[in-house]
Amino acid sequence: MVIIFSFFVIHIMPGDPVRTLLGDRAPAEQVASMTKSLGLDQPLVIQFTVWLKNLLHCDFGTSISLGEPAFSLILQRVEPTFLLGILGTLISVMVGIPLGILSVQHHGKWTENLFTLPALVSISVPAFWTAILMIQLLAVKIHLFPVAGYHVIAKYGLSKALYDLLLPGLILGIMYCGQIARMTKVSTLEIMRQDYLLTARAAGISEGKILYYYALKNSLASIIVVIGYSFASMLAGAVVIEQIFNIPGLGNLTITSILNRDYPVIQGTLIFVTVIFIIINMLTDILCAYVNPKIKHEIE
Amino acid sequence: MLELQMREQNSHPKPPLLLEIKNICKSFVSKNSVIKAVDRVSFNIHKGETYALVGESGCGKTTTGRMILRLLDVDKGQILFEGIPISGLTKRQLRKKRHTIQIIFQNPYGSLNPRMKISTLLAEAIVSRAEKPSHIRAEAERLLQSVGLGKENLDKYPHEFSGGQRQRICIARAIATHPKLIICDEPVSALDLLVQAQILCLLQKLQKEYGFSYLFISHDLSVVRYMSDRIGVMYNGRIVEEGTRDEIFKNPQHSYTRLLFASLPTLKNADAFAAAHIQKDTETCQKVLRQGKEHSNQKVEVSPTHYLLADQ
Amino acid sequence: MHTLLKIREKTNAYILTGIALLTIVFMFSTIGPLVSAFDPLLTAPAMRLTAPGSVHWMGTDDVGRDVFIRVIYGIKISLIIGVVVALISGITGTIAGVSAAYYPITSKVIMRIVDGIMAFPTIILAIVLAGILGAGMRNIIIALSISYFPMIARVVRNATAEVLATEYVESAEVLGKSNTYIIFRYILPNIASPLIVQITYTFAMAILNESILSFLGVGIQIPTPSLGGMVSDGRNYISTAPWIITFPGLVISWIVLSLDLLGDGLREMLDPRRRRAS
Amino acid sequence: MPADFQKNMIFPQNADKTTEIEMQDLLRIENLSVVATDKKRTTQIVSEVSFTVRNGETMGIIGESGCGKSITAMSILKLTEPNIHIDKGHIYWGNICLSELSESRLRKICGKEIGMIFQEPMTSLNPVFTIKQQLSAPIRLHLGLSKPDIHQRCIRLMEDVGIKDPEKTLKSYPHELSGGMCQRVAIAIAISCDPQLLIADEPTTALDVTIQAQILGILKNLIRTNQMALLIISHDMGVIASLSENITVMYGGEIVEQNTRDNIIKQSSHPYTKKLIRSAEELYDGADELTLVRGNVPRPGENRTGCRFAPRCDLSTQRCHAEHPPLVQKERGKGTVRCWNCR
C-alpha cells in the first residue's frame with residue numbers, strides 16, 4: 001500500500017522529472033530520449049508495473065550522477081546510518097525514560113521543572129547547531145572525539161566505527177530523548193490516575209514498586225511506540241548529522257542525490273527508508289501487543 | 001399475534017397505536033463473532049402510555065431504543081411510527097420527522113454540549129419543532145420553568161449544574177420539540193435516590209401535561225414499577241415476558257423475571273436477602289442463563305395482555 | 001467574560017513563560033529593524049568577521065554583513081513560515097480529519113493518503129519535497145505543510161470520532177440537525193483543544209525543520225537571511241568567529257522552546273481529564 | 001484460623017502492649033476532617049466524622065453523591081488524591097494512629113490487615129497483568145508464602161468468591177472477564193491476606209441487579225466465615241441494609257445520624273434519614289406517589305451556617321438556618337443524631 005504511494009507521491013509532484021534532471025535549457029530531443037529511456041512516456045499504470053517489477057528485484061534504477069545501481073549504492077551506505085540510529089536510540093532511551101519517570105515522581109512540585117525543562121530543550125534546540133558547537137568543543141578543542149569521518153566495520157572493526165559514531169550518536173540521542181521523556185511522563189501520569197493502581201495501593205504495594213513496576217509496565221506500550229518512531233526518525237534525522245560529521249551514510253546519500261538531482265537514488269532511498277519505517281512500525285506493534293495483552297485483544 | 005391484538009382491542013378500548021415494532025433484529029459483527037443484540041423483538045406503544053423495557057446491561061434494550069430513533073438501522077423487521085415505516089424514510093424526510101421522537105440519555109454529564117449555553121441548547125431544540133414560536137427566549141424560559149429550573153439559569157453552561165439539574169435540562173430539551181414519543185434510556189440510574197424521585201415525578205407530571213408516550217428503558221424494576229403501564233422484560237436480545245405492570249409485578253411467570261425480582265434488595269427482609277442469595281442464586285442464574293439461549297419463538301399466553309416466551 | 005476568567009484561573013507557568021518568551025522574540029523582530037542602521041544584504045568586506053561590539057551587536061559574518069540585522073530578518077522569515085505552515089496544515093488537516101471521521105467512505109481514502117504520507121519520515125519527506133520543488137519560501141511552505149498535515153488530520157480524526165460517539169452529538173442528531181450544523185456547532189468547538197495543541201507543536205516543528213532545510217541548502221536561498229542558512233554559512237569560521245553561528249542557533253532554540261512550552265502548557269491546561277477532576 | 005487470628009495479631013508498634021488491651025474497637029475514626037486544597041483555596045469536604053467499627057461488625061455509610069462518604073473511606077488508607085488530605089482528627093487502627101503513620105508502615109497494614117474494594121470492577125484490575133499475578137502479589141508481599149502455597153491459596157480464594165474455574169481464571173487477563181467476575185477477583189485480592197476489616201466502596205453500583213445480589217451474597221458469606229469486619233459505603237439503601245448491622249448516614253460532608261440498622265429503618269429521627277428511608281421504601285415496595293424532597297445536595301464549600309439540610313427540610317425553623325446543630329446522643333434509645341428538632 002505504502003509502496004504504491006511512494007511511487008505516486010513522486011509522480012504527483014509538480015514539474016517534469018526529466019526537466020529537473022536535465023535542467024530547463026536542455027534541448028527538446030534530449031528530453032524526449034531521456035523520457036523514453038526512463039520509460040516515462042508510457043501510461044502511468046504501465047510505468048508503475050515496470051517500476052514495481054524492478055522493485056521486487058531490488059532494482060531502483062541506476063544512479064545518474066554516479067552511474068551505479070541505486071540499490072547497491074544504498075546498501076553500501078546502510079551500515080553507519082543503522083549503527084548511528086541504534087546508538088542514538090540507546091542513548092535517548094537511557095536518558096529519556098529516567099527523565100520522564102523523575103518528572104512523574106516530582107509531579108506538582110517545582111522540582112518537576114528540573115526534569116521537564118531539559119527534555120523540552122532537547123526537543124527545541126536544532127541538532128545541527130549543537131553538533132557544530134560540540135565538534136568545536138569536544139573534538140577540536142579537547143580532542144575527546146574524532147572531528148568527522150567514519151571507519152567501516154569490515155576494515156577497521158566495530159570499536160573504531162563506534163568511536164567515530166559516539167559524538168553524533170550522543171547528539172542524536174539527546175535530540176530525541178525529549179520526545180521519549182515527554183511520552184513517558186504523559187502516559188505514566190495518565191496511568192497513575194487509573195483505578196487499578198488504587199487497588200494495588202490498597203493491597204499494600206509500595207509506592208515505588210507501583211511507579212517502577214506496575215505503572216511503567218502499563219505505559220510501556222506507548223513508550224515503545226515513541227521509541228520505534230524515534231529510531232525511524234533517527235535514520236531520517238541522520239541526514240543532518242551525517243552531513244556535519246561527514247559520515248558516508250544514507251542521509252548523506254540523500255542530500256547529495258537531491259543536490260545532484262539524482263532521481264533514481266532519491267526514489268530508492270525514499271522507498272528504502274519507508275520500508276524500514278514500516279518494518280519498525282510492525283515490530284513496535286508486535287512488541288506493544290506482547291507488553292499489553294489488551295492491545296492484542298483490540299487488534300484481533 | 002393478530003388475533004391476540006384484535007382481542008385486546010375488543011376487550012379494552014385502547015387509545016390508537018403510536019409505535020409498532022415488528023420482529024426487529026440487529027446483530028453486531030465483531031471480528032471473531034456475531035452478537036445478536038436484538039432478536040425478533042415486537043411490541044406496541046399506544047398514545048399516552050408508558051411502555052417499559054426492563055433488562056440487564058447487554059440485553060439489547062438500548063439498541064432497541066436507538067433503532068427507533070434510527071441512530072441505528074434495523075437488520076430485519078419493521079418499525080412503524082404512526083403507521084409509517086421509519087426505515088423507509090429518506091434522510092431529509094427523517095430530519096423533518098426527527099422532532100416527533102426524542103430521547104433522554106442516562107448520563108446527564110455527557111448528553112449536553114459542554115460548549116453551549118443553556119439558552120442555546122434549548123433554542124436549538126425549539127427551532128427544530130414543526131411550528132416555531134415567535135419568541136424563542138420566552139419559550140426557553142417557559143420550558144426551564146416547567147422542568148423546575150429558574151430562568152436565571154439560561155446564561156449558564158452545563159458544567160455549572162449538578163447531575164439532577166442537567167437531567168432536567170435534558171428533559172426540557174426533549175419536550176421542547178413537542179414530541180409524541182420520548183425514549184427515556186435509564187434516565188435516573190446515574191442519579192441519587194432523592195433526585196431520582198424528583199425526576200420521575202417530573203416525567204409523570206409532564207406526561208399528564210403534554211400527553212406524549214414514553215418508552216422507558218431501565219434495569220431497575222423499582223423505578224419501572226412507578227413509571228410504566230406495560231412492561232417488556234428483555235433478556236439476551238429477546239422479550240421473554242410482556243404484560244401490564246400489575247401482571248408482571250403480581251404474577252411474574254418467566255424464570256428470568258422472577259430472578260430479577262429476587263435480586264432486588266429490599267428494606268423489609270434485608271437480613272435474609274443477601275444470605276439467601278449465596279446458595280440459591282448461582283444455581284438459578286445458571287439455569288436462567290441456559291434457558292435464555294434456547295428460547296423458542298412460541299408465546300405462552302397468560303392473559304390477553306400477558307405472555308411469555310416458552311423454553312425450547 | 002466568564003470563559004476569560006476561567007482561562008486566567010487555569011493558565012499555568014508554562015503558558016505564561018512561553019508567551020513571554022515569544023513576545024520578546026516578536027518585539028525584537030519588530031523593533032530590531034528600526035534601531036539597527038544596517039542592511040541585511042549589504043556586504044562590507046572591510047568589516048568581515050568583526051566581533052560583537054557597540055557597532056555590530058552580534059558581530060559581522062564572513063562577508064561583513066551585520067549578524068544582528070540578519071538574525072532579525074531570519075526570525076521574521078522563520079515566524080512567517082511557521083505561522084503559514086501551521087495554518088495551512090491546520091486547516092487542511094482539520095478538513096481531512098473531520099470528513100474522515102464523519103463520512104466512512106471518505107475516511108478510507110483520506111486515511112490511506114494520510115498513512116501513506118506518514119509512512120515517510122517527516123524530515124526526509126520535507127527534504128525530498130523541497131529538493132524536488134526547488135528552494136524558496138513558497139516551496140518550503142508547501143513541502144512542510146504536506147509533511148505536517150497528516151499528523152493534524154490524524155489528531156482531528158481521533159478527536160472527532162471521540163466527540164461523535166458522545167451522547168450530546170446524538171441528541172443533536174435526534175433533533176434533526178444537519179451535518180454542517182453538527183460539525184460547526186458541536187464538533188469543531190469540542191475538538192478545539194487538541195487541535196490548538198497540535199497546531200502549536202506544528203508551528204514549533206515547522207520552524208525547526210525550516211532551519212534544517214535552510215542549513216542543508218534546500219531551504220531559503222542565499223543571500224536571503226535565514227537562521228538555518230546563517231549557521232551553515234558560519235560553520236567554517238567557528239573557531240575564529242563563533243558569533244556567526246551562536247546567535248542564530250540560540251534564536252532558533254529560543255523560538256522553538258517557547259512554542260514547545262506553550263504547547264505543553266496548553267495541553268496540560270486543556271486536558272479534558274484534568275478538567276473533569278476539577 | 002479466623003478464631004485465633006485475633007489472638008495472634010501483633011502490632012508493629014508495641015507488641016507486648018496489644019495483647020493486654022481488649023481488642024474491641026478495630027477501626028476508630030475521631031473527628032475526621034478532610035480538606036481539598038488547590039492553588040487558591042481549601043475546601044472542606046468532610047467535617048468531624050467519627051465512628052467505630054468493632055471486630056467482626058459491619059458498618060454501612062450511606063449518603064448521596066458528594067456527601068463525603070467515599071473520601072472518608074479513602075482517607076483511612078490515604079488513597080485520596082494528593083491535593084486532598086486530612087485536616088483534623090485521627091484514624092485509629094486498634095491503637096495505631098493510621099493518620100500519623102509513615103507511608104511505608106501504612107502500606108504494611110494495607111492489604112494485610114485492611115482490604116479494600118472499589119466501585120468500578122472493570123477498571124480496578126490492572127490490564128497488563130494476569131489475575132494470578134495480581135492476586136499473588138499481596139500474598140507474597142505480606143505472608144511470604146512459597147510458590148506452591150501461593151498457588152494453593154489463590155485457588156482457594158477464587159473458590160471462596162464463587163469462581164467456578166479457578167485455574168483458567170487465574171491465567172486470564174482482566175479484559176477477558178465480565179464485570180461481575182472482575183469484582184469477584186477484586187474481592188479475592190482484598191481478602192487475600194485474611195484482613196480483619198474489609199472496606200467496600202460502592203462495590204455493586206456498577207453491576208447489574210442479579211450480579212449485585214450475587215456479590216452481596218458473597219460478601220455476606222465471607223464476613224461470616226472469616227469473621228471479618230466490613231465497612232461498606234453505598235448510596236443504595238437496599239445494599240446497605242442487606243449487609244450492615246450499624247448505619248451511618250452522611251449528608252453534606254458530615255454525619256447526620258448513626259444507629260443500628262433496625263433503628264435507622266424503623267424509627268429514624270433525622271428528617272433527611274426519614275426521607276431517604278421513605279423514598280427507598282416507596283421505590284422498592286411500590287407506591288403511586290413518590291415523596292419529594294426539594295432542592296439539591298449542597299456542594300462542598302458552600303456557605304455553612306446552620307444545619308446543612310435546613311434548606312431542603314420541611315421542619316426547619318429559624319434556628320436550623322442560623323445555628324449548626326451538633327451530633328448528640330439521642331435522648332431515647334441508642335444512636336446519635338444531628339438535628340435541633342429531634343433528640
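Look up: the structure comes first, before these words.
Quick caveat, the model's predicted, so the values are computed rather than measured.

Undergrad: Outline the interface of chain C and chain A, supporting the account with residue identities and numerical values.
TA: Taken together, the contacts link 45 residues of chain C with 46 residues of chain A. For the pair chain C and chain A, the summed buried area comes to about 4100 Å², and 76% of that belongs to carbon and sulfur atoms. Contact with chain A buries area across many residues of chain C, yet Phe120, Ile124 and Ile132 of chain C alone supply 15% of it, more than any other trio. Linking chain C to chain A there are two salt bridges. The salt bridge involving aspartate 260 of chain C is made with arginine 182 of chain A; its shortest N-O contact spans 3.8 Å.

Undergrad: Mind laying out the pattern of salt bridges, listing which residues take part and the relevant values?
TA: Inspection of the entire model under this criterion finds 37 salt bridges over all chains. Here arginine 230 of chain B and glutamate 49 of chain B are joined by a salt bridge, their closest N and O atoms 3.0 Å apart. In this pair, arginine 230 of chain B is assigned in strand β9 (residues 230-235) and glutamate 49 of chain B in the loop between β2 (34-46) and β3 (50-54), connecting sequence segments 181 residues apart. Each member of the pair, arginine 230 of chain B together with glutamate 49 of chain B, is buried. A salt bridge links arginine 66 of chain B to glutamate 170 of chain C; the shortest N-O distance between them is 2.4 Å.

Undergrad: How would you sum up the environment of lysine 334 of chain D? Please name residues and give values.
TA: Residues and elements named next belong to chain D. Secondary-structure assignment places lysine 334 in the loop between β11 (328-329) and β12 (336-337). Considered as a pair, lysine 334 and serine 102 are 232 residues apart in the sequence and their alpha carbons are 37 Å apart. Here lysine 334 is in contact with Asn259, Thr260, Asn263 and Gln329, once residues within four sequence places are set aside.

Undergrad: For the environment of isoleucine 187 of chain C, give the residues involved together with the corresponding values.
TA: Residue and element names in this part refer to chain C. Within the secondary structure, isoleucine 187 sits in helix α8 (residues 179-216). Sequence spacing of isoleucine 187 and valine 156 is 31 residues, and the spatial spacing of their C-alpha atoms is 9.9 Å. Setting aside residues up to four positions removed in sequence, isoleucine 187 forms contacts with Val98, Tyr102, Thr160, Val163, Leu164 and Ile182.

Undergrad: Which residues make up the environment of leucine 250 of chain A, and what are the values?
TA: All names here are of chain A. Mapping leucine 250 onto the fold places it in helix α12 (residues 250-259). Taking C-alpha positions, leucine 250 is 20 Å from tyrosine 156, a pair spaced 94 residues apart along the chain. Apart from the residues lying within four places of it in its own chain, the contact partners of leucine 250 are Ile74, Arg77, Val78, Thr81, Glu242, Thr269, Phe272 and Val273.

Undergrad: Lay out the sheet that holds strand β1 (residues 17-29) of chain B with the relevant residues and their values.
TA: All names here are of chain B. One open sheet holds the four strands; their spatial order is β2-β1-β4-β5, and the pairing between them is antiparallel. The sheet is open, and its two edges are formed by β2 and β5 (84-85), each paired on a single side. Here five bridges tie β1 to strand β4 (residues 76-81), and the two strands are oriented antiparallel to one another. Each residue of the ladder has a partner; that of isoleucine 21, found in β4, is isoleucine 79.

Undergrad: Tell me what's going on with the nonpolar core, and back it up with residues and numbers.
TA: Ranked by size, the top nonpolar core spans 136 residues in total, and within it Leu200, Leu203 and Phe216 of chain B carry the most contacts. Sorting elements by how many residues they give to this core places helix α7 (residues 193-210) of chain B first, with 10 residues. Residues from two domains meet in this core; each of domain 1 (3-113 + 195-293 + 307-337) and domain 2 (120-194) of chain D gives at least three. Setting aside chain neighbours within four positions, we find phenylalanine 216 of chain B in contact with Thr50, Tyr51, Ala52, Leu53, Cys184, Pro187, Leu200, Leu203, Val223, Val224 and Met227 of chain B. By size, the runner-up hydrophobic cluster in this structure holds 103 residues, among which are Phe68, Phe149, Leu216 and Val256 of chain C.

Undergrad: Could you give me a rundown of the side chain of lysine 177 of chain C, with the residues and numbers involved?
TA: With respect to the helices and strands, lysine 177 of chain C occurs in the loop between α7 (167-174) and α8. Although buried, lysine 177 of chain C forms no salt bridge, and the nearest oppositely charged side chain, glutamate 124 of chain B, lies 5.5 Å from it. Separated by 2.6 Å, the side chain of lysine 177 of chain C and the backbone oxygen of glutamate 124 of chain B make a polar contact. Apart from the residues within four sequence positions on either side, lysine 177 of chain C is in contact with Arg95, Glu124, Val127 and Ser128 of chain B together with Ala172 and Ile182 of chain C.

Undergrad: A description of the pairing of strand β7 (residues 197-201) of chain D should follow, citing residues and the corresponding values.
TA: Two faces, one strand: in a regular strand the side chains alternate between the faces of the sheet. Residue and element names in this part refer to chain D. Among the five residues in β7, five count as buried, and that is most of the element. In β7, alternate side chains face the same way, and those of Leu197, Ile199 and Asp201 on one face and Leu198 and Ala200 on the other are all buried. In this sheet, β7 lies alongside strand β6 (residues 114-117) in parallel orientation, the contact comprising four bridges. Counted as the bridge partner of methionine 116 is isoleucine 199 from β7. Pairing of β7 with strand β8 (residues 229-234), which is carried by five bridges, proceeds in the parallel orientation. Counted as the bridge partner of alanine 200 is isoleucine 232 from β8. Considered for its hand, the β-α-β crossover made up of β7, helix α9 (residues 209-225) and β8 is right-handed.

Parameters at a glance
- Residues numbered from 1 in each chain as written.
- Chains lettered and ligands numbered in written order.
- Predicted model: local features only at pLDDT ≥ 70, side-chain atom pairs only at ≥ 80, totals over all residues.
- Heavy atoms only, no water.
- Contact = heavy atoms within 4.5 Å.
- Buried area = accessible area lost by both parts, 1.4 Å probe.
- Salt bridge = Lys/Arg side-chain N within 4 Å of Asp/Glu carboxyl O.
- Helix = DSSP H or I, 4+ residues; strand = E, 2+ residues; numbered from the N terminus.
- Buried < 20%, exposed > 50% of the residue type's maximum accessible area, 1.4 Å probe, protein only.
- Pairing = 2+ DSSP bridges.
- Core = buried A, V, L, I, M, F, W, Y, C linked by side-chain atoms within 4.5 Å.
- Domains from an automatic or database assignment.
- Lys, Arg positive; Asp, Glu negative; His and termini not counted.
- Polar contact = N/O pair within 3.5 Å; in protein donor to acceptor, adjacent residues only side chain to side chain.
- Right-handed = clockwise from strand over helix to strand, strands pointing away.

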